[in-house]
Amino acid sequence: LDVSRVTSGKVTLAPKPVDLREVISHAVRTHDAWVEGRHMKVVLSLGEAPAMVYGDPARLEQIVVNLVGNALKYTQAGGRVDVELRLDRATNEHVLKVRDTGVGIEQKALDRIFELFAQVDGTLDRSQGGIGLGLTLVRSLLAMHGGSIVATSEGLGMGSEFIARLPRAAVHPVEEPEARVQHETSARLDVVLVEDNIDIREMMKELLEDDGHRVSVAADGSSGLSLILEKAPDLAIVDIGLPVLDGYQVAKEARARGHSGRMLAMTGYGQPEDRTRAEQAGFDAHLTKPVDVDALRAALTEGRAG
């Protein structure tokens, strides 16, 4: 969803002067639990002078979170990730390098590593999750900031390096009023999102929170059902292909236990019989993956269908 918003031009940045060192430091700290749990090491080399750029702080942090998270995800326990920031005076750009000691990337795959839904066989450990969206998002967000990114690797088992460039803000421009797109809905909703894919779950959560909704998440059907019954949300968005209990079972059990809030089903199947089955299970609407952002927002404002 986030990639769709960015690539279709539906996201407007709220730029201001930002010190990249602060953005990077904060972004790296979001991975502390993963680093500690897997006995890994992240080494920062950010320099002492401010590294000013003109950009959207939230989106810049999203870039770094994705790059560092990707490096950690595909580096074995006990491995190392180096995060270096320097100024390239020849191009007047700040250069961010994220190097890891992980699984590496085959040379033939380097050109397509940033493509939408790219999954490079033999390099990316699918058991760690991910559907190839993070790097696409990174490249798109960097482009929106006038930046660029390349990936290098000496091959499988040799680690990888991602090199991102952002224009240096030599003079701080006058801050413009926030231009972030605001989407008006009839009400701010309490939402429970049940989705087992971490990339989709986090992107949808951010989208909904950007629009002002309060979001609680679950990663399987059993915990999703418990959360729905506990929170009694205005809206529950439930993936059909869930572990433990599938989405149909979640909806049936929630309705049987008295949940009256609206429920939206998400699935990769959009045939009439799939919509009928979702309605019979207790869902009010059926959204087909990949979910269109506008369709989701429209569904948030509709009343219960019967």
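Up top is the structure.
Attention in this report is confined to the structure presented alongside it. On a predicted model such as this, the values are computed, not experimentally measured, just so you know.

Things to note about the overall build of the protein
For step 1, the next point in the chain: A tally of regular secondary structure across the protein gives 10 helices and 12 strands.
For step 2, the next point in the chain: Counting over 306 residues, the protein shows a buried share of 49%.
For step 3, the next point in the chain: For the protein, contacts bridging at least 24 residues in sequence account for 69% of all contacts bridging at least 6.

Section: the nonpolar core
For step 1, the next point in the chain: Residues Ile 24, Leu 67, Leu 96, Ile 149 and Phe 162 are the most contacted members of the largest nonpolar core, which totals 39 residues.
For step 2, the next point in the chain: Counting only elements with at least two residues in this core, the list comes to α2 (20-29), α4 (57-73), β4 (80-88), β5 (93-100), α5 (134-144), β6 (148-152) and β7 (160-167).
For step 3, the next point in the chain: In terms of residues, this core owes the most to one element, α4, which gives seven residues.
For step 4, the next point in the chain: Those residues in contact with Ile 149 that lie beyond four places of it in its chain are Leu 67, Phe 114, Val 138, Arg 139, Leu 142, Phe 162, Ile 163 and Ala 164.

Overview of the pattern of salt bridges
For step 1, the next point in the chain: A complete count under the given rule lists 11 salt bridges for this structure.
For step 2, the next point in the chain: Linking Arg 257 and Glu 253 is a salt bridge whose minimum nitrogen-to-oxygen distance equals 2.8 Å.
For step 3, the next point in the chain: Salt bridges sharing common partners tie together Glu 84, Arg 99 and Glu 161.

Observations regarding the sheet that holds strand β12 (residues 285-288)
Strands belonging to one sheet form pairs held by backbone hydrogen bonds; the direction of such a pair is parallel or antiparallel.
For step 1, the next point in the chain: Strand order in the open sheet made by the five strands is β9-β8-β10-β11-β12, with parallel pairing throughout. Every other strand in the sheet has two partners, leaving β9 (214-218) and β12 as the edge strands with one partner each. Direction aside, the axes of adjacent strands within the sheet are offset by 20° on average.
For step 2, the next point in the chain: Across four bridges, strand β8 (residues 190-194) lies against strand β10 (residues 235-239) in parallel orientation. Looking at β10, one finds that Leu 193 is bridged to Ile 237.
For step 3, the next point in the chain: Running at roughly 145° to β9, helix α7 (residues 221-231) makes contact with β8, β9, β10 and β11 (262-267) of the sheet.
For step 4, the next point in the chain: Across the sheet, helix α10 (residues 293-301) lies against β10, β11 and β12, angled at about 160° from β11, the strand it touches most.

What about the side chain of Arg 21?
For step 1, the next point in the chain: For Arg 21, the location among the structural elements is in helix α2.
For step 2, the next point in the chain: In this structure the side chain of Arg 21 is engaged in a polar contact, spanning 3.3 Å, whose partner is the backbone oxygen of Ala 49.
For step 3, the next point in the chain: With sequence-adjacent residues up to four places away left out, Arg 21 is seen in contact with Leu 46, Gly 47, Glu 48, Ala 49, Pro 50, Ala 51 and Leu 85.

With respect to the sheet that holds β6
For step 1, the next point in the chain: The five strands are arranged β2-β4-β5-β7-β6 in an open sheet whose pairing can be described as mixed. Strands at the two margins of the open sheet, each flanked by one partner only, are β2 (41-45) and β6. Within this sheet the neighbouring strands show an average axis-to-axis angle of 15°, counted without direction.
For step 2, the next point in the chain: With eight bridges joining them, β5 and β7 adopt antiparallel strand pairing. Bridge pairing in β7 places Val 95 opposite Arg 165.
For step 3, the next point in the chain: Relative to β5, α4 is tilted by about 25°, and along the sheet it contacts β2, β4, β5, β6 and β7.

Brief notes about the packing of α2 against α4
For step 1, the next point in the chain: In contact at an axis separation of 9 Å, α2 and α4 are set at 50° when each is read in the N-to-C sense. Classed by the angle they form, the pair α2 and α4 counts as oblique. Here the hand of the crossing between α2 and α4 comes out right-handed. Here Val 23, Ile 24, His 26, Ala 27 and Val 28 of α2 lie close against α4, whose contacting residues are Leu 60, Glu 61, Val 64, Val 65 and Val 68.
For step 2, the next point in the chain: A per-class count over the contact of α2 with α4 returns eight nonpolar, one polar and one charged.

Considering α2
For step 1, the next point in the chain: Listed in full, the buried residues belonging to α2 are Leu 20, Arg 21, Val 23, Ile 24, Ala 27 and Val 28. Mapping the buried residues of α2 onto a view down its axis gives an arc of 160°, with all of them on the same face.

Rules of the game
- Residues numbered from 1 in each chain as written.
- Predicted model: local features only at pLDDT ≥ 70, side-chain atom pairs only at ≥ 80, totals over all residues.
- Heavy atoms only, no water.
- Helix = DSSP H or I, 4+ residues; strand = E, 2+ residues; numbered from the N terminus.
- Buried < 20%, exposed > 50% of the residue type's maximum accessible area, 1.4 Å probe, protein only.
- Contact = heavy atoms within 4.5 Å.
- Core = buried A, V, L, I, M, F, W, Y, C linked by side-chain atoms within 4.5 Å.
- Salt bridge = Lys/Arg side-chain N within 4 Å of Asp/Glu carboxyl O.
- Pairing = 2+ DSSP bridges.
- Axes fitted to C-alpha atoms, helices over the stretch in contact; angles between N-to-C directions.
- Polar contact = N/O pair within 3.5 Å; in protein donor to acceptor, adjacent residues only side chain to side chain.
- Parallel < 35°, antiparallel > 145°, perpendicular 65-115°, else oblique.
- Left-handed = near helix turned anticlockwise from the far one by under 90°.
- Nonpolar A, V, L, I, M, F, W, Y, C, P; charged D, E, K, R; others polar.
- Arc of directions from axis to C-beta.

These figures capture arrangement, not role.
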